[in-house]
Amino acid sequence: MKTDLFESDHELFRRTVRGFVERHVIPKMEKWDADRLIDRETWLAAGRQGLLGLAVPEEFGGPGETDYRFRVAIQTEIARVGASALQSGFSTNDDIVLNYLLRHADSDQRARWLPGFVSGETIGAIAMTEPGAGSDLRAVQTTAVREGQEWVINGSKTFITSGMLADLVIVFAVTDRDLGSRGFSLFVVEDGTPGFTRGRKLDKVGLHAQDTAELFFDNVRVPQANLLGEVGGGFAYLMQSLPLERLGIGIAAQVSAEAVFDWTLDYVKDRRAFGKHIGEFQGLGFTLAELQTAIEVSRAYIDRCVREYNSGTLTAVDAAKAKLWATELQGKVIDAGVQMHGGYGYMMEYPVAKAYIDARIQRIYGGTNEIMKEIIHRDLLRS
């Protein structure tokens, strides 16, 4: 059973994305991994191709396209070749950083920052996680203190996607500890601001081409014009944006699982052992049957979530379910794929091996899967 999510316009767009991937992604993937960085020219090429900042309004240079199915088309084509690091970078920009700006930036801020998200000239990051504060965002220690018409930011952040390349960073900081969840605010810190420095590029298990960094803020002064939204609104803004972030992770997991399944199926149809193709052995065949069924059932739920997001009705709980289920399934499919490839599945020249190390983070970032279970659990007790 194939997905019925896409219509003709989305399929035409997929062809454009596929052409971009063939010209600008596949030839560079090995170099990206070696450099531990995706070159800026790829971002600019994506901008020229119309693949970035889809939701940016026309007045700021974007297409104003809010149908999220076009973003799914991009994710699908990137996953098809195993470029998970690029998919993660693009999703951070469009589904997270840009989403905050579209929701909360005023007209002047939109004019300053949105055009670069369309052209690929601006790479953004979101700085929430700290060495001692991950899923528990109320435990962050980074502070922002107002002095006249400026805010002074002090603290550090870690595990920041696109942290090395970022031209602007949305920083989650404490503005009044006594106000509880209403004591957090968001600030935009731009590259070159005095006191804003980047630490080491973190050496991760997977997603090697996706730069991930530590960020430091030492008496960083930003003007009032760089406050994003209202003072004290930061925690609520995060809660509003989490459904899309988690849906994006769920979609990435789903399309990765589909791609790996296809690679594995092709392999077992071709590989021979004991006089026949290994896909003919019942043990492998039953596993493949179970996985395909799970993938198709999962796709139906993911597609429903995309439609719910488009209609403005996707809940945080349903997005948590999508993230939990799809990432767990992704791990299961990739692990089976490695096993069916045998020794070749452990060789980095095979895409299934790269998928294996790239996928592990999916069950951790965006809120660990244990946190997703807790969100679903609490909702059950409220109902």
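The shown structure was predicted, so the numbers you read here are calculated from the model rather than taken from an experiment.

### Section: the overall build of the chain
Piece 1. Across its full length, the chain holds eleven helices and ten strands.
Piece 2. For 383 residues, the compact-globule formula gives about 21 Å, and the C-alpha radius of gyration of the chain, at 21 Å, lands near that figure.
Piece 3. Referenced to the eigenvectors of the C-alpha coordinate spread, the extents of the chain come out at roughly 80 × 50 × 40 Å.
Piece 4. The buried share of the chain, reckoned over its 383 residues, is 52%.
Piece 5. When contacts within the chain are restricted to residue pairs at least 6 apart in sequence, long-range pairs at least 24 apart make up 74% of them.

### Quick look at helix H1 (residues 8-25)
Piece 1. Given a rise of 1.5 Å per residue, 18 residues ought to cover 26 Å, and the 25 Å separating the end C-alpha atoms of H1 matches this to within 8%.
Piece 2. Within H1 the residues assigned to the buried category are His10, Phe13, Arg14, Val17, Gly19, Phe20, Val21 and Val25.
Piece 3. Against helix H2 (29-35), helix H3 (40-48), helix H4 (69-80) and helix H5 (84-104) lie the buried residues of H1.

### Observations concerning the UniProt feature "domain: Acyl-CoA dehydrogenase/oxidase C-terminal" (unreviewed entry) in the chain
Piece 1. Following the UniProt record, one finds the feature "domain: Acyl-CoA dehydrogenase/oxidase C-terminal" (unreviewed entry) at residues 232-380.
Piece 2. Here residues 232-380 is 77% helix and 3% strand, with 29 Å between the C-alpha atoms at its ends.

### Looking at unusual backbone geometry
Piece 1. Not every positive phi belongs to a glycine, and leucine 207 is a case in point at roughly 50°.
Piece 2. Topologically, leucine 207 is positioned in the loop between strand E6 (196-201) and strand E7 (212-223).
Piece 3. Phi angles above zero are rare outside glycine, and phenylalanine 274 is one such case at about 55°.
Piece 4. Looking at the secondary structure, you find phenylalanine 274 in the loop between strand E9 (272-273) and strand E10 (276-277).

### Some points on a nonpolar patch on the surface
Piece 1. Judged by side-chain polarity, Tyr344, Tyr346 and Met347 come together as a nonpolar surface patch covering roughly 360 Å² of accessible area.
Piece 2. Of note, tyrosine 344 is situated in the loop between helix H9 (316-341) and helix H10 (351-359).

### A word on the side chain of serine 91
Piece 1. Mapped onto the secondary structure, serine 91 falls in helix H5.
Piece 2. Here serine 91 is in contact with Arg71, Gln75 and Ile96, once residues within four sequence places are set aside.

### With respect to the nonpolar core
Piece 1. Formed by 44 residues in total, the largest nonpolar core has its most connected members in Phe13, Phe20, Val25, Leu86, Phe90 and Ile251.
Piece 2. Among the elements of the structure, H1, H2, H3, H4, H5, helix H7 (234-270), helix H8 (282-311) and H9 are those that each provide at least two residues to this core.
Piece 3. Here this core gets six residues from one element, more than from any other, and that element is H4.
Piece 4. Excluding residues within four positions of it along the chain, leucine 86 makes contact with Val25, Trp32, Ile38, Thr42 and Ile78.
Piece 5. Grouped together as the second largest cluster of nonpolar side chains are 29 residues, Ile96, Leu98, Val118 and Leu168 included.

### A closer look at the pairing of strand E2 (residues 143-147)
Piece 1. Pairing between E2 and strand E3 (residues 150-161): five bridges, direction antiparallel. If you follow alanine 144 over to E3, its bridge partner there is isoleucine 153.
Piece 2. Linkage of E2 to E3, two consecutive antiparallel strands, is achieved through a turn of two residues, within which glycine 148 is found at a positive phi near 65°.

### What to know about the packing of H7 against H9
Piece 1. At a minimum axis distance of 8 Å, the contact between H7 and H9 shows a crossing angle of 20°. The angle between H7 and H9 falls in the class roughly parallel. H7 and H9 meet at a crossing whose hand is left-handed.

### With respect to the pairing of strand E4 (residues 168-174)
Piece 1. When you tally the buried positions in E4, you get seven out of seven residues, the bulk of the element.
Piece 2. Of the two faces of E4, the one carrying Leu168, Ile170, Phe172 and Val174 and the one carrying Val169, Val171 and Ala173 are both buried.
Piece 3. Pairing of strand E1 (residues 124-127) with E4, which is carried by four bridges, proceeds in the parallel orientation. In the strand pairing of E4, isoleucine 126 is matched with isoleucine 170.
Piece 4. Note: E4 against strand E5 (residues 184-190), seven bridges, orientation antiparallel. For alanine 173, the partnering residue across the bridge sits in E5 and is serine 185.

About the criteria used
Residues numbered from 1 in each chain as written. Predicted model: local features only at pLDDT ≥ 70, side-chain atom pairs only at ≥ 80, totals over all residues. Heavy atoms only, no water. Helix = DSSP H or I, 4+ residues; strand = E, 2+ residues; numbered from the N terminus. Rg over C-alpha atoms; globule rule 2.2 N^0.38 Å. Buried < 20%, exposed > 50% of the residue type's maximum accessible area, 1.4 Å probe, protein only. Contact = heavy atoms within 4.5 Å. Expected span 1.5 Å × (residues − 1). UniProt positions renumbered as here; feature names shortened; annotations may be inferred. Patch = residues over 30% accessible without salt bridge, like charges linked within 9 Å, V, L, I, M, F, W, Y side chains within 5 Å. Areas by Shrake-Rupley, 256 points an atom, 1.4 Å probe, with all protein chains shown as cover. Salt bridge = Lys/Arg side-chain N within 4 Å of Asp/Glu carboxyl O. Core = buried A, V, L, I, M, F, W, Y, C linked by side-chain atoms within 4.5 Å. Pairing = 2+ DSSP bridges. Axes fitted to C-alpha atoms, helices over the stretch in contact; angles between N-to-C directions. Parallel < 35°, antiparallel > 145°, perpendicular 65-115°, else oblique. Left-handed = near helix turned anticlockwise from the far one by under 90°.

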